[in-house]
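# Structural overview
Spelled out from the first residue to the last, the chains are:
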Amino acid sequence: MPRKIIKDRAIVDDSYTQVTDVSQMPASGDILVALDLLLENPSVLPAQGGAWDGKIGIKVTGDVEPEALVEYLDKVDLIAIEFPVFRDGRGYSLARILRDRLGFQGELRACGDVLRDQMFYMQRCGFNSFEPRDDRSIEEALNGLSDFTVTYQADAVEKRPIYLRRP
Amino acid sequence: MYAYTEYDQQLLNERVAQYRNQTERFLDGKLSDEEFLALRLQNGLYVQRHAPMLRVAIPYGMLNSTQVRMLAEISRDFDKGYAHFSTRQNIQYNWPALEQVPDILEKLASVQMHAIQTSGNCIRNVTTDQFAGVATDELEDPRPWCEIIRQWSTFHPEFAYLPRKFKIAVNASASDRAAIKFHDIGVEIVQDATGATAFDIWVGGGLGRTPIVAEKVTEALPPKYLLSYLEAILRVYNRYGRRDNKYKARIKILVKALGVEAFREKVEAEWQYMKDSEMDLPEAEIQRMRSFFPLPAYDTLADNPAELVAKRAENPGFDAWIKRNCTAHKQPGYMAVTLSLKATAVAPGDVTTEELYAIADLADRYSFGEIRSTHKQNVVLADVRQDQLFALWSELKPLGFATANIGCLTDVICCPGGDFCSLANAKSIPIAEQIQRQFDDLDYLYDLGEIELNISGCMNACGHHHIGNIGILGVDKKGEEYYQVSLGGCSGRDAKVGKIIGPSFFENDIAGVITKIIDVYVEKRIEGESFLSTYERVGMAPFKERVYAA
């Protein structure tokens, strides 16, 4: 059974197969490849406009320099940012740089130690999909996206700070 | 002071609901200890030696009397009848039950108060000068800028999981009572070449295990860029600050490791993408924030009214209190009054329920219903008519708030220490009391003049021992409590970290050691010279020699 994820505020099946070993590359379908694996095996990533029938995603950690991702931005459908522990906040800044500065329009996914109580912040930083931790209720996690109806700052979704949108 | 809009109130109400839900999930076993730890800390809830401790935010030290009455009610209903003013202008309860914290937050929210980001690895309560808006030496009122920063930093989505805690202070006065050079970011209000408001931004100061004086990262920043510049600094810190060792995780370590020039380059590279965007502060918003801090409805008065002059002449105790505890005011005929929470045998910064009610009542009758907390753990009534000072003093005396020792050796800054805090190596409150008992002669204290004495129970330095003219640090030596003494620290414009005098001392010897240090000062000082100036002139040697003489 495919894994359930949250995408665009709904619980859906994850269409991606996570590729951790080049020898186990699926023949078709959506694939999610770790950046490290890709750097070691550049040929893993199907050429742009090539024959691959599925979507392509890359998985990175929060400490990656955004410049290292620039060449992939128009080649991939998904960037997944891994949170090794929920307290590691680097992924939030990386997400904002990808959205605000580099203009990445594809799916931006939070994975790893992803918990309900951090997801509202993640959403505001530009994540639109989430792999909540396996041992937690995904339905409950979905509620985390609605903790607040008001915010003060500009963020990746709402460019206007409170002072430009106060009623 | 700032008054909540519907928007602010809604945010706070939603926060209470969120935290109530988090507490319920923790009690139901759906959140691990570790997960809940991060959530409760961002809400100021520590688990302490005896019970949880809840730290309530007092944004830049401003309170109204309604809020103080609510703080009193909470201290009565949820604590053991007292509360504690901290060294960052906040207030702490030492005995709330974890299960009841959501109810406390609901009560706080009803008076526009909260505990948001009073702990945890996030942007903490912004602090400033306790005499903001009334000080004679300030360029402009820093509080509108504090409120702008407060709103920007509250639930900032990108900076809730920083490498470590992050403290911002704002100063607009010549003397820097906010100690901005010992903060992660110090915002100094200046005037640019045309006389318009601008900011010098200092970064990487701090106390703790590695005390460092901040360095200037930019000068004369135009106001519209304040938030984008702060955001750029925070982003660089969030991305590059160390996360492998909590003792090396503060921004000061990053700034030191990179050097301020390289740090500045990174910040400005980031800032290029943020400035000249929707983040720029519009002039209308600045004016709106300023409108929340109008001058109170002052009466037209002259300084030194006859009744004040007469009472001072006939009552030396009152005269001493005016000299020590009252501060000159921008508005003729008014003074700012500091209520001393440093009476001997009372833990510095502690207040009882009844005292909180009394403070609220006094504020209503003498000072436009406003109260400020200070980083030196006292309370200020900022707008008292000079012709009412005697009446106020007469009411403060029986309450124990009229100890005329502000700025003196016994106006000790002191953390809760080993009596309450689970981090502490040693007790600190009994050390403060020992010193206060030793120096109980007010005339002698006045003769000694301004001396800052700060005590921390461990190297986390909540009692700011590094920047005391005399600093005392509790250390643990094979299970015994010892105290290390340092001299020469200073928090003002010429900020300095004190130097350790030598091997540490046993608890019972501290008052004697301080007496010897003071004796050396009295012998060596030149007419009118402060303790700090004498120390800087004669150096450590004579103090060291006396203290360790056989």
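Residues numbered from 1 in each chain as written. Chains lettered and ligands numbered in written order. Predicted model: local features only at pLDDT ≥ 70, side-chain atom pairs only at ≥ 80, totals over all residues. Heavy atoms only, no water.

### Considering the packing of helix α5 (residues 143-153) of chain B against helix α6 (residues 226-240) of chain B
Residues and elements named next belong to chain B.
- Between α5 and α6, the shortest axis-to-axis distance is 11 Å and the interhelical angle comes to 50°. One finds that α5 runs oblique with respect to α6. Seen from above, α5 lies across α6 with right-handed handedness. Contacts between α5 and α6 pair W145, I148, I149 and W152 from the former with L226, L227, L230, E231 and L234 from the latter.
- Residue classes in the contact of α5 with α6 are distributed as eight nonpolar, no polar and one charged. (Axes fitted to C-alpha atoms, helices over the stretch in contact; angles between N-to-C directions. Helix = DSSP H or I, 4+ residues; strand = E, 2+ residues; numbered from the N terminus. Parallel < 35°, antiparallel > 145°, perpendicular 65-115°, else oblique. Left-handed = near helix turned anticlockwise from the far one by under 90°. Contact = heavy atoms within 4.5 Å. Nonpolar A, V, L, I, M, F, W, Y, C, P; charged D, E, K, R; others polar.)

### Here we look at helix α12 (residues 353-366) of chain B
- When the terminal C-alpha atoms of α12 of chain B are compared, their 20 Å separation across 14 residues agrees well with the 20 Å that a helix rising 1.5 Å per residue should span.
- At the C-terminal side of α12 of chain B, F368 of chain B shows a positive phi close to 55°. (Expected span 1.5 Å × (residues − 1).)

### A look at the packing of α5 of chain B against helix α9 (residues 283-291) of chain B
All names here are of chain B.
- In the contact formed by α5 and α9, the axes pass within 8 Å of each other and the chain directions differ by 115°. For the element pair α5 / α9, the angle class is roughly perpendicular. Considering only the axes of α5 and α9, their crossing is right-handed. Facing P144, W145, E147, I148 and Q151 of α5, the residues of α9 in contact are I286, R288, M289 and R290.
- By residue class, the composition of the contact of α5 with α9 is five nonpolar, one polar and three charged.

### Some words on helix α3 (residues 65-77) of chain B
- Counted at 1.5 Å a residue, the expected span for α3 of chain B with its 13 residues is 18 Å, and the 18 Å between its end C-alpha atoms agrees.
- The backbone nitrogen of T66 of chain B has a side-chain oxygen 3.2 Å away, supplied by the residue at the start of α3 of chain B, namely N64 of chain B. (Polar contact = N/O pair within 3.5 Å; in protein donor to acceptor, adjacent residues only side chain to side chain.)

### Some thoughts on the pattern of salt bridges
- Going through the model one piece at a time under the given rule, you end up with 64 salt bridges over all chains.
- Here D100 of chain A ties to R96 of chain A by a salt bridge, and the two come within 3.0 Å at their closest N and O atoms. Of this pair, D100 of chain A and R96 of chain A both sit in helix α2 (residues 90-101), four residues apart, roughly one helical turn.
- With relative accessibility at 31%, the residue D100 of chain A sits in the partly exposed group.
- Since its relative accessible area comes to 4%, R96 of chain A is described here as buried.
- Note that D129 of chain B and R177 of chain B form a salt bridge whose closest N and O atoms lie 2.8 Å from each other. Separated by 48 residues along the polypeptide, D129 of chain B in the loop between β6 (127-128) and α5 and R177 of chain B in the loop between β7 (168-171) and β8 (185-191) bring together distant segments of the chain. (Salt bridge = Lys/Arg side-chain N within 4 Å of Asp/Glu carboxyl O. Buried < 20%, exposed > 50% of the residue type's maximum accessible area, 1.4 Å probe, protein only.)

### Thoughts on the domain arrangement of chain B
All names here are of chain B.
- The domain architecture assigned to chain B consists of domain 1 (6-109), domain 2 (142-290), domain 3 (306-399) and domain 4 (413-547).
- With centres defined by C-alpha atoms, the gap from domain 1 to domain 2 works out at 27 Å.
- Opposite the 10 residues of domain 1 that make contact, domain 2 presents 12 residues.
- Both sides together, the interface formed by domain 1 and domain 2 hides about 890 Å², and carbon and sulfur atoms give 61% of it.
- For the pair domain 1 and domain 2, the interface holds two residue pairs in polar contact (both at pLDDT 80 or more).
- It is helix α1 (residues 6-27) that contributes the most residues to the side of domain 1 that touches domain 2, three residues altogether.
- Its residues placed into classes, the side of domain 1 that touches domain 2 shows six nonpolar, one polar and three charged. (Domains from an automatic or database assignment. Buried area = accessible area lost by both parts, 1.4 Å probe.)

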